[in-house]
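So the chains spell out like this:
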Amino acid sequence: MNDPALLALGGTVLGGTLAVAGVHSYASGRAQRQALVDRLSGGGPLRTASGRVRRFAGIDRRLRRTRLGRTIHLRLSATGLDLTAGEFFTYVTAVVVALWLIAAATLAPFFGPIAAVLGVWSAAVFLNWQRQKRIEAFINQLPDVARLLANATAAGLALRTALAMAAEELEAPAGEELAHVADQLMLGRTIDDALGELSERLPSRELIVLVTTLVLANKAGGSVVSSLRNLTQTLEDRKETRREVRTMLSEVNATAFTVPFLGIGSLVLINSSNEGALARVTGSPLGQGLVLLALGLYTVGFFVIRRLGKIEV
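Residues numbered from 1 in each chain as written. Predicted model: local features only at pLDDT ≥ 70, side-chain atom pairs only at ≥ 80, totals over all residues. Heavy atoms only, no water.

### Thoughts on the overall build of the protein
From N to C terminus, the protein includes 13 helices and 0 strands. Per-residue burial over the protein gives 31% buried out of 313 residues. Across the protein, contacts joining residues at least 24 apart in sequence account for 61% of those joining residues at least 6 apart. If you sum the accessible surface of the protein, you get close to 19,400 Å²; carbon and sulfur atoms cover 65% of it. (Helix = DSSP H or I, 4+ residues; strand = E, 2+ residues; numbered from the N terminus. Buried < 20%, exposed > 50% of the residue type's maximum accessible area, 1.4 Å probe, protein only. Contact = heavy atoms within 4.5 Å. Areas by Shrake-Rupley, 256 points an atom, 1.4 Å probe, with all protein chains shown as cover.)

Dropping the structure here:
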């Protein structure tokens, strides 16, 4: 009787050991798979290159699976901001809730949702502004990019090598973008695809001309050195023209943002001089309609002034 008991005990211990080893192997493999998915999805390490700790990693992972999260990630990648989609979404949500509460407490409950919508719209405007700012900075560096590529090509270097060298010599954002192009070329992508993705990420007429010149020279050959040197002078002239136009239109752009702030300031002034005035005005459908009409007119005025001050160079 003792032998079957010992066999049963030994089998139980062996089964338990194998079960524990299996659970450990499964958990380890699942953790490795999740780390690989996070790294390939662009989530990056828990710390950035500058040492800043990544926050809201769980929210970022869940948000990346949605269409909204992918859209936010693409917009952030074009701005160069050191933020994940989860961080940006969390910060914007906190700001929107704060604006809702402040507007409802300061003005009237009717203005809470309006302030929240303005907060979301301001976040989208901020991303577009950062993207345009990065594009402008990249355009200002394009003469240096063309000059470096011309010198490297004249020295007998291949275009792939010239792009990698320019990425090391230039500062951000041109250095970062060209480094991304060089990494894609090392992974086997063609020059047409890598440069085409660059022109889609940072669209501008100057970059399209440079990319077209490089692609045609790579396909058909020819005097790429003289073309790049002529293009360098053209880009320098366009850079000066853009600077002059931006200086002349600075007053118009300032006016476009000043007019809506005057309207908001007038609402705050009315409510502070006569406490509860806005609550009484927005207490009826007629008053709410008139307030929405006034806000709509301010919005139309903002876009009209911005459109008048927008000149394509």
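Following the structure, the description resumes.
### A look at empty space enclosed by the protein
Remark: the empty space left among the atoms is shown by a probe the size of a water molecule rolled over them. Within this structure, the stated rule accounts for 1 cavity of 30 Å³ or more. Estimated volume of the largest cavity: approximately 60 Å³. Lining of the largest cavity is provided by Phe138, Leu142, Val145, Leu149, Leu163, Leu178, Leu195, Leu198, Leu207, Leu210, Val211 and Leu214. The class makeup of the residues in the lining of the largest cavity is 12 nonpolar, no polar and no charged. (1 Å grid on protein atoms, 1.4 Å probe; cavity = no way out; pocket = protein on both sides within 12 Å on 5 of 7 lines; lining within 4 Å. Points joined across faces, edges and corners; volume = space filled by probe spheres on them. Nonpolar A, V, L, I, M, F, W, Y, C, P; charged D, E, K, R; others polar.)

### Some details on helix 13 (residues 285-308)
Over its 24 residues, helix 13 runs 34 Å from end to end, which matches the ideal 34 Å to within 8%, given 1.5 Å per residue. By the burial criterion, the buried members of helix 13 are Gly287, Val291 and Phe302. Summarising the contacts, the buried residues of helix 13 are in contact with helix 5 (111-154), helix 11 (250-273) and helix 12 (277-281). (Expected span 1.5 Å × (residues − 1).)

### Observations regarding a nonpolar patch on the surface
A surface patch of nonpolar side chains, about 410 Å² in accessible area, is lined by Phe56, Ile59, Leu68, Phe89 and Tyr91. Among the structural elements, Leu68 can be located in helix 3 (residues 67-79). Given the relative accessible area of 47%, Leu68 is considered partly exposed. (Patch = residues over 30% accessible without salt bridge, like charges linked within 9 Å, V, L, I, M, F, W, Y side chains within 5 Å. Salt bridge = Lys/Arg side-chain N within 4 Å of Asp/Glu carboxyl O.)

### A closer look at the nonpolar core
Of all hydrophobic cores here, the largest spans 32 residues; its most connected members are Leu149, Leu163, Leu178, Leu195, Leu198 and Leu210. Sorting the residues of this core by element identifies helix 5, helix 6 (159-169), helix 7 (174-186), helix 8 (191-201), helix 9 (205-220) and helix 10 (224-248) as the ones contributing at least two each. Dropping the residues within four chain positions of it, Leu163 is found in contact with Leu149, Leu178, Val181, Leu185 and Leu195. (Core = buried A, V, L, I, M, F, W, Y, C linked by side-chain atoms within 4.5 Å.)

### Some thoughts on the confidence of the model for the protein
Overall, the prediction assigns the protein a mean pLDDT of 80, with 87% of residues at 70 or greater. Of all the helices and strands in the protein, helix 1 (residues 2-40) carries the lowest mean pLDDT, 67, while helix 4 (residues 85-106) carries the highest, 90. (pLDDT = per-residue confidence, 0-100.)

### Regarding the packing of aromatic side chains
Tallying each qualifying case throughout the model produces 6 aromatic pairs. With a centroid separation of 6.4 Å and 70° between ring planes, the pair formed by Trp121 and Phe303 is classed as edge-to-face. Placement of Trp121 in helix 5 and of Phe303 in helix 13 is noted, with a sequence separation of 182 residues between them. Among the residues examined, Trp121 registers a relative accessible area of 37% and is labelled partly exposed. When the centroid spacing of 5.2 Å and the interplanar angle of 75° are considered together, the rings of Phe257 and Phe302 count as edge-to-face. Pair noted here: Phe257 is in helix 11 and Phe302 is in helix 13, with a separation of 45 residues, a long-range link. Grouped by ring-pair contacts, the aromatic residues Trp121, Phe257, Phe302 and Phe303 constitute a single cluster. (Phe/Tyr/Trp six-rings, centres within 6.5 Å; stacked < 30°, edge-to-face > 60°.)

### Thoughts on the pattern of salt bridges
Per the counting criterion, the structure on display carries 10 salt bridges. Its salt-bridge partner being Asp60, residue Arg64 comes within 3.5 Å of it at the nearest N-O pair. On the criterion of helical spacing, the pair formed by Arg64 and Asp60 is a turn pair, its members being 4 residues apart in helix 2 (residues 57-64). Here Arg64 matches Asp60 in class, with each residue buried. Among the salt bridges present, the one from Arg201 reaches Glu177, with a minimum N-O distance of 2.7 Å. Taken together, the residues Arg201 in helix 8 and Glu177 in helix 7 connect sequence positions 24 residues apart. Each of Arg134, Glu176, Glu177, Arg189, Glu197 and Arg201 takes part in one network of salt bridges that share partners.

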